[in-house]
Amino acid sequence: MFELIQHPSNQTNLLSFDNESIQLLAVSKESDLAHHDLQLVDGVLVQTFSAYEAEKVLRVIRSNRERAIALKPVFINSTIPNSASITFLFDGVFSDETKNSAIQKLKSIQARTREISTEIHQLDYNTSLSQLVTQYLFTRQSGLEPSLSRTSKVGYAFPLLSSVLQEQDTERLISVLNKTKELGFLTKQTKDHVHTCKKCAGGFLNYRECCPKCSSADLKTDDLIHHFLCAHIAPEGDYKKEDHLECPKCDKHLRHIGIDYDKPSCMHTCKSCDHQFQNAEIKALCIDCGNENELSQLNSLEICSYELTSLGEQVARYGLHTKKEPQKSATLNVLSESMFELFKTKEQERALNNGTQSFEGSLNIDLELLSSFSETQQDVIQQEICTIISNYLNKADIIASQSPNWYKFLIYDSSQEHITKVGGLIQNNITKLLQDGMNAQQVIAEVLITPLNTIGA
């Protein structure tokens with residue numbers, strides 16, 4: 001059983017588990033979040049009085065500027081009224097029956113969160129959201145599935161992003177996911193297509209039969225009756241005689257449909273302009289903005305589920321940098337080829353004089369292998385390869401990369417045993433990155449590491 005701890009301030013509640021090694025902040029309203037440092041707790045339990053208030057609490061957490069807080073495990077109490085429609089937004093439902101599995105999931109999310117870089121760097125808003133998506137999927141070890149939602153503008157909502165963005169930002173939400181997919185961080189599978197209003201992009205549409213002359217929806221509809229014997233066709237109202245049907249042309253009594261007559265079609269009469277027609281015009285009235293849409297003018301929105309790629313995992317683990325970021329070169333020691341050669345010459349002299357051993361590593365990728373990627377994707381691949389290499393280097397070691405297919409690095413004062421291990425790790429990780437990105441198992445990145453003091457000898 002969990003223990004409820006009431007703080008002296010009476011402002012917040014902590015639920016303790018596993019001999020108080022795990023603590024959940026129990027939140028009953030949005031203002032509770034201002035009374036406690038979310039960094040100090042392992043997760044949050046939302047137990048508000050309404051599903052609407054629960055969503056507000058979740059939005060505050062997921063929109064936090066500190067990535068470590070935005071990714072906190074958040075559970076919803078099973079007793080909240082009408083919560084079934086929003087449970088997909090949370091990490092799970094919390095009750096006496098599910099608390100053990102919820103704590104295990106919390107621990108899993110915590111462990112995965114410790115593997116990622118929670119720094120946002122100097123990313124623009126949309127790129128920052130792309131990084132957040134990769135980190136959310138990495139820490140949850142799951143895909144991003146769309147769920148039917150009456151509160152979403154297009155009838156579908158997604159975990160995380162639907163809590164970060166406002167309801168009217170559905171177009172941006174889909175745009176962020178598609179951009180993240182185009183960068184190679186996600187794969188997608190189409191689940192549905194939604195038609196939306198051409199004016200406001202709303203997905204709640206009322207499809208109506210309208211008069212082709214005046215567009216009124218106030219129509220009277222009668223079946224057309226075809227009398228087999230005399231071939232007369234007229235609206236059913238013309239055939240009605242008290243309690244039976246009688247042909248207005250030949251005065252014959254119509255008894256059996258399929259034998260005496262049939263109903264091949266119908267006739268519409270507009271009550272606004274008295275226009276009669278057989279084929280009504282179908283229009284879509286937007287419930288959100290009131291715009292009347294021709295069917296041919298409706299937008300089509302693709303609704304997909306998304307899975308994290310290996311490249312997306314790298315972005316989640318090590319962060320995403322942009323070319324405009326001034327700290328990139330200093331952080332990763334990424335140099336030009338000429339600067340690298342200068343450092344290498346100096347290190348050769350130093351290593352020979354001091355009797356130490358340094359190493360030069362190189363990696364070349366066939367340009368044809370990268371040709372299937374866009375320029376933006378190649379830039380991301382170049383950044384991620386530099387990140388993978390730097391992850392196995394010391395701070396003093398340096399990297400040079402002038403293009404997505406050319407890399408060199410110096411490792412100072414090391415041993416052959418350590419270099420063999422490091423070279424294998426770098427090669428395996430870069431190979432996996434390229435194979436997943438290209439969907440080709442035969443791609444192998446060959447990393448060559450040579451003792452520096454033998455170069456040029």
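Residues numbered from 1 in each chain as written. Predicted model: local features only at pLDDT ≥ 70, side-chain atom pairs only at ≥ 80, totals over all residues. Heavy atoms only, no water.

### Points about the overall build of the protein chain
Point 1. Helix and strand counts for the protein chain come out as 13 helices and 25 strands.
Point 2. By the burial criterion, 48% of the 457 residues in the protein chain qualify as buried.
Point 3. Taking contacts inside the protein chain between residues at least 6 apart in sequence as the whole, the part at least 24 apart equals 64%.
Point 4. A total of about 23400 Å² of accessible surface is found on the protein chain, and carbon and sulfur atoms cover 46% of it. (Helix = DSSP H or I, 4+ residues; strand = E, 2+ residues; numbered from the N terminus. Buried < 20%, exposed > 50% of the residue type's maximum accessible area, 1.4 Å probe, protein only. Contact = heavy atoms within 4.5 Å. Areas by Shrake-Rupley, 256 points an atom, 1.4 Å probe, with all protein chains shown as cover.)

### A short note on the nonpolar core
Point 1. Counting 31 residues, the largest nonpolar core has L363, I385, I389, F409 and I430 as its most contacted members.
Point 2. Looking at this core, the elements that each hand over two or more residues are α8 (310-318), β22 (359-364), α12 (375-391), β24 (406-411), α13 (416-438) and β25 (447-451).
Point 3. When neighbours within four sequence positions are excluded, I389 is seen to be in contact with I399, Y407, F409, I426 and I430.
Point 4. In this structure, L137, V164, L165 and A316 belong to the second largest nonpolar core, which totals 28 residues. (Core = buried A, V, L, I, M, F, W, Y, C linked by side-chain atoms within 4.5 Å.)

### Overview of α8
Point 1. Among all positions of α8, only S310, L311, G312, Q314, V315 and A316 are buried.
Point 2. G319 sits one or two positions beyond α8 and adopts a positive phi of about 90 degrees.

### Side note on the packing of aromatic side chains
Point 1. All told, the structure shown has two aromatic pairs when counted by the stated rule.
Point 2. Both rings, one in F17 and one in F94, keep their centres 5.9 Å apart while their planes meet at 70 degrees; by these two values the pair is edge-to-face. Here the residue F17 occupies a position in strand β2 (residues 13-17), and F94 occupies one in strand β6 (residues 93-94), the gap between them amounting to 77 residues. Taken as a pair, F17 and F94 share a single burial class, namely buried.
Point 3. For the pair F158 and Y306, a centre-to-centre distance of 6.2 Å together with 55 degrees between the ring planes defines the contact as tilted. On the criterion of sequence distance, the pair formed by F158 in the loop between β8 (156-157) and α5 (161-164) and Y306 in strand β20 (residues 299-308) is long-range, its members being 148 residues apart. One exposure class covers both F158 and Y306, and it is buried.
Point 4. Stacked on the ring of F138, the Lys or Arg R112 has its end atom at 4.0 Å from the ring centre. (Phe/Tyr/Trp six-rings, centres within 6.5 Å; stacked < 30°, edge-to-face > 60°. Lys NZ or Arg CZ within 6 Å of the ring centre and 35° of its normal.)

### Observations concerning the pattern of salt bridges
Point 1. Taken as a whole and assessed by the stated rule, the structure comprises 18 salt bridges.
Point 2. Linking E302 and K188 is a salt bridge whose minimum nitrogen-to-oxygen distance equals 3.2 Å. Linking E302 in strand β20 with K188 in strand β9 (residues 186-196), this pair joins segments that are 114 residues apart in sequence.
Point 3. Since its relative accessible area comes to 27%, E302 is described here as partly exposed.
Point 4. For K188, a relative accessible area of 33% gives the class partly exposed.
Point 5. Within this structure, E341, K344, E360 and K408 form a network of salt bridges that share partners. (Salt bridge = Lys/Arg side-chain N within 4 Å of Asp/Glu carboxyl O.)

The values reported here are purely geometric and, on their own, carry no functional implication.
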